[in-house]
Amino acid sequence: MNAISVRGLRKSFGDDLVLDGIDFDVAEGTVYALLGPNRAGKTTTIQILTTLIGSDGGSVQVGGHDLARDPEAVRSVIGVTGQFSAVDTWLTGEENLMLMADLRHFGKTEGRRRTAELLERLDLADAAKQPLATYSGGMRRRLDLAMTLVGDPRIIFLDEPTAGLDLRSRRTMWAIVRELVADGVTIFLTTQYLEEADRLAVLDHGRFVAEGTPAELKRLVPGGHIVLEFGEADGLEAAAGVFAESARDDEALTLQVPSDGGVRHLREVLDRLDAATVRVEGLSLHTPDLDDVFLALTGQVDRAGADREQALR
Amino acid sequence: MNAAHRAQDSVTMLRRQLVHIVRYPIALFTIGIPVIILLLFVYAFGGTMGAGIAGVSGGRADYLTYLVPEILMIAVVTGSQMTAIAVSMDMTEGIIVRFRTMSISRSAVALVSFAITWLSVGMGLVPRASRLRATCPCR
């Protein structure tokens, strides 16, 4: 069963084509991350899926409801935490959560119970009765998420949930996301950072340039390598002779040897260096991470754009 | 979305707006402005201004009947101004966006803003009406 199913989604603002026919499915109880550089169309996608703006074409099913025909039913199963905190600054944290509980028609007792539970869970219990003016950025974001969670949504949209958070808050955020997924909630999020998700899609200029599991995406970019550092040019010269397929950097006195990252290959490299009696100052092992994937997939277009700008000048 | 839920949402929104009025001093200030202007023009300038009006009694009381429509106008304008400020602050804070992604009555938010405008105009009028009676023993 798919929580979200999108076919041929298109959207343009005037002449500016933002989404150029994207298709994807999000399985229930998984985390789906939409990656992309600025202005790639991530927020627009979220705005369409959460019924904030209409699309120009394509069909969207959210929680089994058709977005165009029954937006009200879609709204009843989703929760949204946008890029800018959607909290009421004149109310206290507790009052904000009670407001959400009232709008979900839970009744006073149930509303209070949920509010207390969420304040505890998101580490806001101490600040519950304080006005929002005294809240820090991270506390506001946590409250924002708590307000989304009040209604027990089955599908949660998070637009850049970890932007501007410190490392600890970012971990808390991911711990909550994982708890929710364990309860069968579906999470759809956008991010500029590459974090853990069950499936990722890389969006660039309104199109998907890649889609798959993190492991699948990593396979798309060239493999890892070992970087050897040398103290002097002679060593680099000798080592470059030993490894024919390597790439050398004469400035930094380093040599990049392609590697699968395995221990066996690493030992082989060291053995060959010993045999050639080359003195190596340092060594580091690089495996492709999602940053490499992101740069490889979106870099091409950026470079083309930069060239165009260059030509215009 | 049934009628009971719609009414409940409107009440929730109204409660939120009332809390805003209590916590946001400018809201009270906008209600106070017409009152201050009225008092100023009646007690500080009223005698002088009224002297120019030809009438049986002349003076302050006649000038007051002349002044009240303008003050009413100011009350209406400051009231709607306050509503506009409240609504635009909501917009920039993104809370309206949250409401729009929730299964709540669309009319609740707009309705309450409308209600608040007239409530604030009413609140502005109440002390003025009693002031009118107090300062106008001639009628």
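The structure presented is a predicted model; accordingly, all values stated were derived computationally and were not measured. (Residues numbered from 1 in each chain as written. Chains lettered and ligands numbered in written order. Predicted model: local features only at pLDDT ≥ 70, side-chain atom pairs only at ≥ 80, totals over all residues.)

Peer 1: Please provide a residue-by-residue account of the interface of chain B and chain A, values included.
Peer 2: With 20 residues of chain B at the interface, the matching set in chain A holds 21 residues. The element that contributes the greatest number of residues to the side of chain B that touches chain A is helix α1 (residues 3-23) of chain B, accounting for 8 residues. Among the residues forming the side of chain B that touches chain A, the class breakdown is 7 nonpolar, 7 polar and 6 charged. (Contact = placed C-beta atoms within 7 Å. Helix = DSSP H or I, 4+ residues; strand = E, 2+ residues; numbered from the N terminus. Nonpolar A, V, L, I, M, F, W, Y, C, P; charged D, E, K, R; others polar.)

Peer 1: A description of the sheet that holds strand β1 (residues 2-13) of chain A should follow, citing residues and the corresponding values.
Peer 2: The strands that make up a sheet are held in pairs by hydrogen bonds between backbone atoms, and each pair lies either parallel or antiparallel. Residues and elements named next belong to chain A. Taken in spatial order, the 4 strands line up as β2-β1-β4-β5 in an open sheet, and their pairing is antiparallel. Only two strands of the sheet have a single partner each, and these edge strands are β2 (16-27) and β5 (65-66). As defined by bridge partners, strand β4 (residues 57-62) adjoins β5 across 2 bridges and the pair is classed as antiparallel. Counted as the bridge partner of Q61 is D66 from β5. The sheet contacts of helix α1 (residues 42-49) involve β1, β2 and β4, and relative to β1 the element is tilted by about 120°. (Pairing = 2+ DSSP bridges. Axes fitted to C-alpha atoms, helices over the stretch in contact; angles between N-to-C directions.)

Peer 1: How would you explain the confidence of the model for chain B if you had to name every residue and give the values?
Peer 2: All names here are of chain B. Confidence in the prediction of chain B, expressed as mean pLDDT, is 73, and 69% of residues score 70 or more. For chain B, helix α6 (residues 106-135) is the element with the lowest average pLDDT, namely 56, and helix α5 (residues 95-100) is the one with the highest, namely 84. Below a pLDDT of 50 lies the segment residues 126-139, which in the model reaches 12 contacts outside its immediate sequence neighbourhood of four places, other chains included. Here the predicted complex carries an ipTM of 0.72, next to a pTM of 0.74. (pLDDT = per-residue confidence, 0-100.)

Peer 1: I'd like a description of α1 of chain B, backed by residues and values.
Peer 2: Relative to the 30 Å expected for 21 residues at 1.5 Å per residue, α1 of chain B spans 30 Å between its end C-alpha atoms, a close match to the ideal helical length. Of the residues making up α1 of chain B, those classed as buried are D9, T12, M13, R16, Q17 and I21 of chain B. (Expected span 1.5 Å × (residues − 1). Buried ≥ 20, exposed ≤ 12 C-beta atoms within 10 Å, placed from the backbone.)

Peer 1: Which residues make up the nonpolar core, and what are the values?
Peer 2: Residues and elements named next belong to chain A. Ranked by internal contacts, the top residues of the largest apolar core, which has 42 residues, are I4, A33, L35, V62, F157, I187 and F188. With 5 residues, the single largest contributor to this core is strand β3 (residues 31-35). Judged by nonpolar contacts, the second largest core, of 27 residues, contains M100, L132, M147 and V150. (Core = buried A, V, L, I, M, F, W, Y, C linked by C-beta atoms within 7 Å.)

Peer 1: Could you give me a rundown of the packing of helix α3 (residues 93-103) of chain A against α1 of chain B, with the residues and numbers involved?
Peer 2: One can describe the packing of α3 of chain A onto α1 of chain B by two numbers: an axis separation of 9 Å at closest approach and a directional angle of 160°. Relative to α1 of chain B, the element α3 of chain A lies roughly antiparallel. At the point where α3 of chain A passes α1 of chain B, the crossing takes the left-handed sense. Here L99, D102 and L103 of chain A of α3 of chain A come into contact with α1 of chain B, specifically with D9, T12 and R16 of chain B. Its residues assigned to classes, the contact of α3 of chain A with α1 of chain B shows 2 nonpolar, 1 polar and 3 charged. (Parallel < 35°, antiparallel > 145°, perpendicular 65-115°, else oblique. Left-handed = near helix turned anticlockwise from the far one by under 90°.)

Peer 1: Tell me about the pairing of β4 of chain A, and name the residues and values.
Peer 2: Residue and element names in this part refer to chain A. Of the pairings in the sheet, the one linking β1 to β4 comprises 5 bridges and is antiparallel in character. From the neighbouring strand, I4 faces β4, where its bridge partner is V62. The hairpin turn running from β4 into β5, its antiparallel successor, is 2 residues long, and G63 in that turn takes a positive phi close to 60°.

Peer 1: Summarise the environment of G138 of chain A; cite the residues concerned and give the values.
Peer 2: Residues and elements named next belong to chain A. Relative to the assigned elements, G138 resides in helix α5 (residues 137-149). The exposure class of G138 is partly exposed, given the 17 C-beta atoms found within 10 Å. Each residue touching G138, except ones within four places of it in the same chain, is listed here: L165, D166 and S169.

Peer 1: Give me the domain arrangement of chain A: which residues, what numbers.
Peer 2: For chain A, the assigned domains are domain 1 (2-213) and domain 2 (225-286). Look at where the C-alpha atoms of domain 1 of chain A and domain 2 of chain A centre, and you get two points 47 Å apart. (Domains from an automatic or database assignment.)

Peer 1: Outline helix α4 (residues 108-121) of chain A, listing residues and values.
Peer 2: Residues and elements named next belong to chain A. Here α4 contains 14 residues, and its C-alpha end-to-end distance of 20 Å stays within 8% of the 20 Å for a straight helix at 1.5 Å per residue. Three or more residues of α4 are buried, namely G111, R114, T115, L118 and L119. Down the axis of α4, the sector holding all buried residues measures 130°, keeping them to one side. Exposed positions of α4 whose direction lies more than 90 degrees from the buried face are T109, E110 and E120. In this fold, the buried residues of α4 make contact with α3 and α5. (Arc of directions from axis to C-beta.)

Peer 1: Can you break down the sheet that holds strand β12 (residues 247-249) of chain A residue by residue, with the values?
Peer 2: Residue and element names in this part refer to chain A. Ordered in space as β12-β13-β11-β14, the 4 strands form an open sheet in which the pairing is antiparallel. The sheet terminates laterally at β12 and β14 (282-286), the two strands that pair on one side only. This sheet shows a mean twist of 20° between the axes of neighbouring strands, independent of strand direction. Looking at chain direction, strand β11 (residues 225-229) and β14 are connected through 5 bridges and run antiparallel. Following the sheet pairing, L228 is matched in β14 by L283. Of the strands in this sheet, β11, β12 and β13 (254-258) are in contact with helix α8 (residues 233-242), which crosses β13 at around 15°.

Peer 1: Provide a residue-level description of unusual backbone geometry, including the pertinent values.
Peer 2: All names here are of chain A. Here the phi dihedral of H105 falls at roughly 60°; this positive angle occurs in a residue that is not glycine. By the element assignment, H105 lies in the loop between α3 and α4. What makes H105 partly exposed here is the crowd of 16 C-beta atoms within 10 Å. With a phi angle near 50°, H205 is a residue other than glycine that sits in the positive phi range. Note that H205 resides in the loop between β9 (199-204) and β10 (207-212).

Peer 1: I'd love a proper account of the pairing of β9 of chain A, names of residues and values included.
Peer 2: All names here are of chain A. Counting buried positions over the 6 residues of β9 gives 5, a clear majority of the element. Relative to β9, β3 runs parallel, the two sharing 4 bridges. Paired with L34 across the two strands is A201, which belongs to β9. Inspection of the sheet shows β9 paired to β10 by 5 bridges, in the antiparallel sense. In the sheet register, L200 faces β10, and the bridge partner there is G212. Linking β9 back to β10 in an antiparallel pair, the connection comprises 2 residues, with H205 at a positive phi of about 50°.

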